[in-house]
There are 6 protein chains.
Amino acid sequence: MSLNKERRIGRLAVMMLLDDDKERTLEIVKELGWTTCTGKVGSMEASKVVAAIETAARKNEIVKTGVYREGHALYHAIIEALHGVTRGQVQLGSVLRTVGLSFAIVRGEPYDSSEEGEWIAVSLYGTIGAPMKGAEHETIGLGINHI
Amino acid sequence: MSLNKERRIGRLAVMMLLDDDKERTLEIVKELGWTTCTGKVGSMEASKVVAAIETAARKNEIVKTGVYREGHALYHAIIEALHGVTRGQVQLGSVLRTVGLSFAIVRGEPYDSSEEGEWIAVSLYGTIGAPMKGAEHETIGLGINHI
Amino acid sequence: MSLNKERRIGRLAVMMLLDDDKERTLEIVKELGWTTCTGKVGSMEASKVVAAIETAARKNEIVKTGVYREGHALYHAIIEALHGVTRGQVQLGSVLRTVGLSFAIVRGEPYDSSEEGEWIAVSLYGTIGAPMKGAEHETIGLGINHI
Amino acid sequence: MSLNKERRIGRLAVMMLLDDDKERTLEIVKELGWTTCTGKVGSMEASKVVAAIETAARKNEIVKTGVYREGHALYHAIIEALHGVTRGQVQLGSVLRTVGLSFAIVRGEPYDSSEEGEWIAVSLYGTIGAPMKGAEHETIGLGINHI
Amino acid sequence: MSLNKERRIGRLAVMMLLDDDKERTLEIVKELGWTTCTGKVGSMEASKVVAAIETAARKNEIVKTGVYREGHALYHAIIEALHGVTRGQVQLGSVLRTVGLSFAIVRGEPYDSSEEGEWIAVSLYGTIGAPMKGAEHETIGLGINHI
Amino acid sequence: MSLNKERRIGRLAVMMLLDDDKERTLEIVKELGWTTCTGKVGSMEASKVVAAIETAARKNEIVKTGVYREGHALYHAIIEALHGVTRGQVQLGSVLRTVGLSFAIVRGEPYDSSEEGEWIAVSLYGTIGAPMKGAEHETIGLGINHI
């Protein structure tokens with residue numbers, strides 16, 4: 001059941017955001033036959049970050065609308081990614097900080113064994129800081145779940 | 001005081017671990033005149049992950065041994081990176097999970113203004129899971145602090 | 001000072017919500033000479049869940065209005081119950097989720113020794129999920145405190 | 001995709017532990033064609049609680065040994081249940097407390113729509129307190145995940 | 001039910017540790033007819049901090065040995081104080097840090113109304129840092145509970 | 001690099017709030033050549049507490065306006081202090097509680113070695129409780145960071 005080196009879904013999800021040559025990563029994901037999308041969201045409300053990712057995932061048919069099972073898998077992947085971004089309390093405006101984030105969602109089969117089925121990765125990269133231009137540093141998060 | 005695009009210290013710290021061409025990232029960091037090092041640590045004890053990174057940082061003279069100020073900056077960057085890795089409780093073996101991680105430490109000046117001084121970034125990338133071969137998925141973490 | 005098997009206040013508080021025959025549980029609580037009440041609350045705001053339980057406790061004279069000591073005991077029991085419901089961050093709408101909960105409050109003497117005095121149990125049972133019909137699963141929580 | 005009232009998997013998992021007539025609950029679960037098991041574990045180490053539940057789940061073939069996907073679903077259900085038990089920090093002996101718990105694992109299809117597939121529920125009920133006979137109160141936890 | 005200015009139990013518990021003239025604070029506490037004690041504990045294990053305070057409280061008869069109700073009140077006050085000391089995760093050695101702490105326990109009636117009864121305050125003051133001489137800064141914590 | 005006994009910045013920050021003779025503490029801080037200020041804030045929103053302290057720090061020139069490095073150091077000291085005040089979740093109104101706090105900010109050199117440079121301490125003292133007059137107890141918090 002080992003993780004296939006060419007199919008490291010988490011690494012690919014992060015590279016979708018960090019790679020200078022994003023097309024290259026996108027191509028790898030496409031060649032694997034996986035689904036993916038990216039987007040941007042800036043907000044002082046964590047709920048808006050969650051909503052933006054959920055909406056993008058549905059619109060791009062990465063998760064099936066109306067199937068809770070898939071929404072549940074995605075939701076937990078998002079919240080786990082937010083832990084990396086917020087590092088302690090999953091709170092933004094309520095502790096007077098804001099984020100400007102890019103996100104990527106990747107759905108595919110990262111394991112050798114077909115029994116392991118599909119997994120979903122949500123990556124976040126951007127800045128977090130005070131609601132003041134420039135008063136911010138980078139932040140990253142990754143959540144992975146079976147779907 | 002804005003973050004300089006070419007000097008995104010967090011992105012560079014993560015690329016040190018994810019890039020296929022790690023030499024390329026290392027070169028960019030070196031050209032900026034920054035200090036950096038990478039290493040690996042696998043453990044069921046979070047304290048061993050902390051210790052491995054602290055030791056590497058001192059041995060590679062990224063932080064000054066015997067100066068608490070620098071150790072304090074590094075420590076918080078490590079713990080913040082561990083939040084991304086553990087996503088909830090900064091615990092490994094005590095909740096029956098283990099990690100196999102690569103880490104990078106980068107120290108440099110990511111902001112345009114010289115007043116912003118030096119910052120330190122700690123990135124972690126690898127797997128987290130049950131203490132059983134293959135029962136694991138990827139995980140990432142990034143901590144950034146002024147130093 | 002052992003916990004009396006017939007007086008397991010936490011079990012009774014949960015059975016008030018789960019038992020098919022709720023009257024049976026209510027009767028047991030009444031026969032013990034304890035006070036209890038139940039209610040329902042649905043919200044995206046954790047503060048509204050807290051308020052609904054506090055109001056029910058006061059209106060049903062389970063805690064004495066105007067005595068902070070009792071309010072303090074109740075408050076911590078509620079927050080502890082919410083930890084079970086939220087499992088990580090005591091947040092609802094701020095991480096884009098909502099709850100539909102039944103609650104029970106039971107006040108009585110669960111220990112053999114009279115020195116142990118009165119305790120209060122708050123139980124929560126219902127669903128948690130996305131603010132979308134059906135996108136939810138069950139959740140439970142129990143908080144117990146001396147009063 | 002609504003939750004079927006007769007198939008409330010969380011409620012059934014908790015009733016497996018609380019019902020006076022445990023056979024009755026077991027029969028309901030069996031009639032639904034679902035798999036389930038119960039067990040007991042007492043420890044000052046959270047990792048032992050996790051291990052006991054994982055072992056029981058594998059031995060009773062509720063999850064498939066060697067399939068990480070299933071182990072991953074179970075693990076997160078266990079940790080979520082432990083949040084209800086520990087209410088704040090998923091720690092036992094490290095903050096000088098111990099638990100004596102019964103647990104139940106139930107796997108089945110709680111939703112009307114077959115698309116929602118199988119879910120797993122882990123329930124915990126027992127006592128938590130100081131490592132001193134009688135210095136304890138009840139505690140409960142429930143974790144639910146898609147599998 | 002307001003907090004009496006002369007009887008601010010939390011302030012007194014902290015002053016027992018910080019005041020240059022500790023005798024003066026002790027005298028005030030004694031004049032109020034309250035019970036108190038102080039002690040010291042240094043450890044990399046949070047459980048040892050808890051144990052040291054619990055033992056001191058029993059030995060000095062601030063809480064009644066064998067009465068769980070009192071032990072429960074004290075335990076939660078200790079853990080709350082530890083939140084202030086650890087600021088995030090109630091962990092020490094497991095995240096490679098250690099504490100050297102003084103503690104004070106004060107039991108008394110801080111409210112005007114006699115209905116509010118007795119409360120207990122646990123204060124902690126000292127240093128937290130790396131297990132390396134001098135690599136540490138100050139830390140404080142206060143927990144207050146009804147007893 | 002040891003902490004100088006006369007320059008315990010955390011103790012001084014707390015004494016600024018607790019000492020009967022606040023002038024005495026202020027004098028000590030001034031004699032050390034350090035900068036400091038105090039203020040008050042009452043709110044159900046943690047973000048307002050953060051904002052009040054940040055504003056005071058800038059207005060009193062304890063941190064340099066427009067230098068993110070300094071704002072970053074201050075922000076983390078504030079959040080750490082709030083951990084002591086909230087003891088678990090850095091939330092106020094969202095879990096139906098409110099605070100009335102005094103705060104002090106002190107900036108100076110607490111270590112013998114000049115290499116250790118400047119540090120900042122944020123102390124909070126006041127009451128936390130239900131949004132109801134008198135339904136509150138004391139709370140304290142201290143955050144310390146290198147700056």
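Parameters and conventions
- Residues numbered from 1 in each chain as written.
- Chains lettered and ligands numbered in written order.
- Predicted model: local features only at pLDDT ≥ 70, side-chain atom pairs only at ≥ 80, totals over all residues.
- Heavy atoms only, no water.
- Least-squares fit on C-alpha atoms with pLDDT ≥ 70 in both.
- Buried < 20%, exposed > 50% of the residue type's maximum accessible area, 1.4 Å probe, protein only.
- Helix = DSSP H or I, 4+ residues; strand = E, 2+ residues; numbered from the N terminus.
- Pairing = 2+ DSSP bridges.
- Axes fitted to C-alpha atoms, helices over the stretch in contact; angles between N-to-C directions.
- Parallel < 35°, antiparallel > 145°, perpendicular 65-115°, else oblique.
- Left-handed = near helix turned anticlockwise from the far one by under 90°.
- Contact = heavy atoms within 4.5 Å.
- Nonpolar A, V, L, I, M, F, W, Y, C, P; charged D, E, K, R; others polar.
- Buried area = accessible area lost by both parts, 1.4 Å probe.
- Salt bridge = Lys/Arg side-chain N within 4 Å of Asp/Glu carboxyl O.
- Polar contact = N/O pair within 3.5 Å; in protein donor to acceptor, adjacent residues only side chain to side chain.

A. Seen up close, the relation of the copies chain B and chain A. Aligned on chain A, chain B shows an RMSD of 0.0 Å; the corresponding rotation is 180° and the shift along the axis is 0.0 Å. In symmetry terms, the pair is related by a two-fold rotation axis. Identified as the residue of chain B closest to the rotation axis by C-alpha distance is B:G84, at 1.7 Å.

B. Representation of the pairing of strand β4 (residues 136–146) of chain B in the model. Residue and element names in this part refer to chain B. Across the eleven residues that make up β4, a large majority, eleven, are buried. Two strands pair when backbone bridges link them, and strand β3 (residues 119–129) and β4 are joined in this way by eleven bridges, in the antiparallel orientation. Directly across from V122, in β4, lies its bridge partner G143.

C. Up close: the packing of helix α3 (residues 46–59) of chain D against helix α4 (residues 68–86) of chain D. Residues and elements named next belong to chain D. Two elements in contact, α3 and α4, have axes whose closest approach is 10 Å; the angle formed by their N-to-C orientations is 140°. With respect to each other, α3 and α4 are oriented oblique. Note on packing geometry: the crossing formed by α3 with α4 is right-handed. For the pair formed by α3 and α4, the contact residues are V49, V50, I53, E54 and A57 on the first element and L74, Y75, I78, I79 and L82 on the second. When grouped by side-chain class, the residues that make up the contact of α3 with α4 number nine nonpolar, no polar and one charged.

D. Up close: the arrangement of the chains. Over all C-alpha pairs, chain B and chain C never come within contact, reaching a minimum spacing of 7 Å. The two units chain D and chain F are non-contacting; their minimal C-alpha-C-alpha distance is 7 Å.

E. The arrangement of the interface of chain F and chain A in detail. Contacts between the two partners involve 15 residues from chain F, matched on the other side by 13 residues from chain A. When chain F packs against chain A, close to 990 Å² is buried across both sides, 56% of that on carbon and sulfur atoms. A per-residue breakdown of the area chain F buries against chain A is headed by F:S47, F:Y68 and F:Y75, which together make up 47% of the total. Counting across the interface, chain F meets chain A through zero salt bridges. At the boundary of chain F with chain A, the tally comes to seven residue pairs in polar contact (both at pLDDT 80 or more). Taken together, the elements giving at least two residues each to the side of chain F that touches chain A come down to α3 (46–59) and α4 (68–86) of chain F. Tallying contributions element by element places α3(F) first for the side of chain F that touches chain A, with six residues.

F. Structural context of the relation of the copies chain F and chain A. Between the two copies, chain F and chain A, the superposition gives an RMSD of 0.0 Å; the rotation angle is 120° and the shift along the axis is 0.0 Å. What the superposition gives is, in effect, a three-fold axis relating one chain to the other. Relative to the rotation axis, the closest C-alpha in chain F is found at F:Q89, a distance of 4.3 Å. Mapped onto chain A, only 13% of the interface residues of chain F are again interface residues, and the two copies thus contact each other with different surfaces.

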